[in-house]
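# Summary of the model geometry
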Amino acid sequence: MTSMTTRTIAYGLTSAEARQRLDTDGPNAVAPPPPRTVWRRIGGQLTDPLVALLLAAGVVTAVLGDLPDTIIILLVVVVNTVIGVVQEVRADAAIAALDRMAAPAARVVRDGTDHVVPAAELVRGDHVLLEAGDVVPADLELVEARQATFDESALTGESVPVHHDAGDTAGAGTILAAGRAAGTVTATGTSSALGRIAELVAGTRPGPTPLQRRIAALGRILGAAAVVVSALVFTVGVLTGQPVTQMGITAVSLVVAAVPESLPAVVTLALALGARRMARTSAIPRRLHAVETLGSVTVIASDKTGTLTENRMTVQRAITAGGHRSTVSGSGYDPEGTIDGDTIAGLPVVGDTSSLRELARAGALCNDAALLAPDGDRTGWAAAGDPMEAALLTFAHRCGVDPDAERGTAPRVAEIPFDQDTRRMTTVHRLPSGEFLTVCKGAPEAVLDPASPLLPAAAEFASDGLRVLALATAVSDAPDTRPELEPIGLVGIGDPLRATARDTAEAFERAGVRLILITGDHPRTATAIGDSLGLLADGGTVAEGGVGGTVAEGGVGGTVAEGGVGGTVAEGGVGDTAAARRAGDSAAAGIATTRVYARTRPEQKLDIIRALQDRGEIVAMTGDGVNDAPALRRADIGVAMGSGTEVARQAAELVLVDDNLGTVATAIGEGRRIYDNIRRFLRYALSGGAAELVVMLLGPLFGMPVALLPAQLLWINLLTHGVPGVALGAEPAEAGVLTRRPRSPQESVLGAGLLRAVVAGALLLATVTMAAGVVAMHADRPWQSVMFLVLGLSQLGVALAVRAHPKPGTPRNGALLAAVAVCALLQVAGVMFEPLRALLGTEPLDAVTILACCAVALVPGALLRLAGNRP
């Protein structure tokens, strides 16, 4: 069996014609901006405030004629720039790969059948089918438009959707906001409306992330503090009789040594590695700041379909107007299946077969979906269009009804597309007899009379967690979209929970993240799902329609509320301020306990997100439909399903390729890991820089006018702040990263005890260094060389002390161990290798002294590790 089409409006191009036009016109894609040249990347690195400070210091030392220090400063700049450029190139490559993975697709008619193809493969003359929420993939001349309104804000900036009829043009990049449409491609790629605009903005690059801005601000503060302290060192040195030139060079070198100039590279590395690791787990960050923000998420507001469930809708139960009940089984969208255990292949079965087939026929006619047969790209049957409508097509096949044959016999002549407010869809079909059949499907409350005997059955289906559709028909002599309808039955459509859904919910609870279900389903359906996930076990409540309310209906330990934010259903008019106040109090309390929202409209999703954010929550919102886009944009982190609408993916900051919410738990852990590693580097680098400032300030008090020479300070800075510091950005996650509460978004980068840890580390390093220098001075040893060796090695020891405490079996960060080992050897070479001694101004040390220095240098790191280290 091949694919089954929804209509026969157009045969479309043949595959051969499409290939020929693709070869002639090229892909339907905008040429990517030219890659940044190496020189532009280098220039970007050199404009960083901390690196600019280094360059200024290099200019000063060059003017003063201090060639060795100038060389070392330039070496620091070169190393930092190389690291930054390499990480930037890797990050760009990762983002490019992610863009290819998230490439949009289009639904076209070729060779007379529906196909889903990459949008880049569209050509002039292709017949494109659009449903609400689809992004127009190329410029189209509409040949069909059913109550079609387009969001053209991407092209015109106009926020109000525009109505289009057949014959109008829909520009590439616009969004079909409502209705249904089809059109012929008139322009692709750079010839399209969006392509022409894209060429104008080619090369535009995003600005720094919020964390990078905070880090840059911190760098400026640290730089200013280092300048002040260095000026103090300069003043003290001059007052004690040291040459002005030497103290000027010393002060400049101290500024260079004290600031963590590799901090931008560490942030870049942490974000790039995090984005790559997320991509390997099927979570694609479309914006880098999503990587850093995920670690602070406190609430996840999740859609149900395709997120917590398998997104393979199937009709599981059916009941006709005559009361005949049927149980339907089968695998996904495969047309093969059974009804009440019997396979139907055009043969009668026990029960009211004709009415069941009438129900299946109506579901196939009032339908815009198609079933796609397995092919080279698909291992099983798939849905093209709305999954619930595809479920009705599968149901029709299992009842022995051929949707294509029925559509050919009763072609559609009019329709009212599904609307979120009316919650129903109506189509009109011409029958062979000349009469017209009107079919309506939708929510039971929207289709059935309030006294209909089918409503209790609808409630029963919903209480079992099924989505319920009612169908009604009417036959008339003329096309009529609003006739007197006669109900013909109900179908209960199920989308089973993913096998991992309950484990995912429990993982969020352990991580201190509250999972909230927001769905358009019936309250009883939503309650059943909430129960299955364990969301209602500890007093969680269910709300209908929005935030607040007091109308109790079902639920486990909770209420179902109608109305909007803070709203109850008021009796007696408006103006009862006490009642309003009580309603507000009720809403405030309800938002803290409500775990499931049912029958939620798009604007109510925004209300829910806003109410949560007003409570100080950091909200991640998941969704896949066009109705989810506003909430995805409003949330702190929008998470779109990879199989969802393109408008949802464009509104989101994270795309889940596998549509599995459990991937978000992994991504949250990755976000926390990144933030931990940035704080880990700050602890390491700031401790070392502060220790150098303290040593230089205290030196004169112990008879050491210049405790360390400028070249020595710069050498220590080069070894400690360079590769070992950057390698800290690749540390594995802490063992309990997903079992601790999320950090407050208002918390400073140096908060949660980090500033105290920096001060403690700096004092330890300075104390050990000064003690070693004083002992060497009294023993008539080269005290300056001893202090040089101890300070450098002890800082490298701190790098090992602040390592993560991963769970057992986690591979260690080999890059850090190798970097520390190599830099320790280079530090020792500074007092043993004659060319380096000449450059650094050190004196040779015997083996016993070197071993003693190594032993002393282990003390700060050992004490910090024993004291317990957490980022």
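Okay, so let's go over this structure. (Residues numbered from 1 in each chain as written. Predicted model: local features only at pLDDT ≥ 70, side-chain atom pairs only at ≥ 80, totals over all residues. Heavy atoms only, no water.)

### Regarding the overall build of the protein chain
What counts, and what does not: Put simply, DSSP H or I for four residues or longer makes a helix, DSSP E for two residues or longer makes a strand, and each gets a number counted from the N terminus. Here the term buried applies to any residue with accessible area under 20% of the maximum for its type, exposed to any over 50%, and partly exposed to those in between, with areas from a 1.4 Å probe on protein chains only. Working rule for contacts: check all heavy atoms of both residues, and any pair within 4.5 Å makes them a contact. Only the protein chains shown count as covering a residue, and every accessible area follows the Shrake-Rupley method with a 1.4 Å probe.
A tally of helices and strands in the protein chain yields 29 helices and 25 strands. When the 871 residues of the protein chain are sorted by exposure, 54% land in the buried category. Counted over contacts in the protein chain with a minimum sequence separation of 6, partners at least 24 positions apart contribute 71%. Carbon and sulfur atoms make up 59% of the accessible area of the protein chain, which totals about 35000 Å².

### A word on the pattern of salt bridges
This is how it is decided: By salt bridge we mean one thing: a side-chain nitrogen of Lys or Arg within 4 Å of a carboxyl oxygen of Asp or Glu.
This model, assessed by the stated rule, comprises 24 salt bridges. Among the ionic pairs, Glu144 bridges to Arg146, the shortest N-O distance being 3.8 Å. Several salt bridges converge on common partners, so that one network encompasses Glu144, Arg146, Arg180, Asp368, Arg412 and Glu415.

### Brief notes about the side chain of Glu144
Going by this rule: For the purposes of these results, a polar contact is taken to be a pair of N or O atoms within 3.5 Å, where, inside protein, one atom must be able to donate a hydrogen and its partner to accept one; residues adjacent in sequence count only when each atom of the pair is a side-chain atom.
Tracing the backbone shows Glu144 in strand β4 (residues 139–151). One polar contact links Glu144 to Arg180, side chain to side chain, over a distance of 2.5 Å.

### Things to note about the sheet that holds strand β18 (residues 467–476)
For the record, the criterion: The pairing criterion for strands is at least two bridges between them, as found by DSSP. In this analysis an axis means a line fitted to C-alpha atoms, helices contributing only their contacting stretch, and an angle means the value between N-to-C directions, from 0 to 180 degrees.
Pairing is antiparallel across the open sheet formed by eight strands, whose spatial order is β12-β11-β10-β19-β18-β17-β16-β15. Strand pairing shows two members of the sheet lacking a second neighbour, β12 (337–339) and β15 (412–419), which therefore form its edges. Averaged over neighbouring strand pairs, the angle between their axes works out to 15° when direction is ignored. Relative to strand β19 (residues 486–494), strand β10 (residues 314–320) runs antiparallel, the two being bridged by six bridges. Paired with Arg317 across the bridge in β19 is Gly492.

### What about the state of the cysteines?
Threshold: Two cysteine sulfurs form a disulfide in these notes if their separation is within 2.5 Å.
Per the stated rule, a full pass over the model turns up zero disulfides. Unpaired in terms of disulfides, Cys853 finds its nearest cysteine sulfur in Cys854, a separation of 6.9 Å. Looking at Cys853, the relative accessible area reads 4%, which means it is buried.

### Overview of the environment of Arg680
If you trace the backbone, Arg680 turns up in helix α22 (residues 662–698). For Arg680 and Arg803, which are 123 residues apart along the polypeptide, the C-alpha to C-alpha distance reads 7.7 Å. In this structure the side chain of Arg680 is engaged in a polar contact, spanning 2.6 Å, whose partner is the backbone oxygen of Val802.

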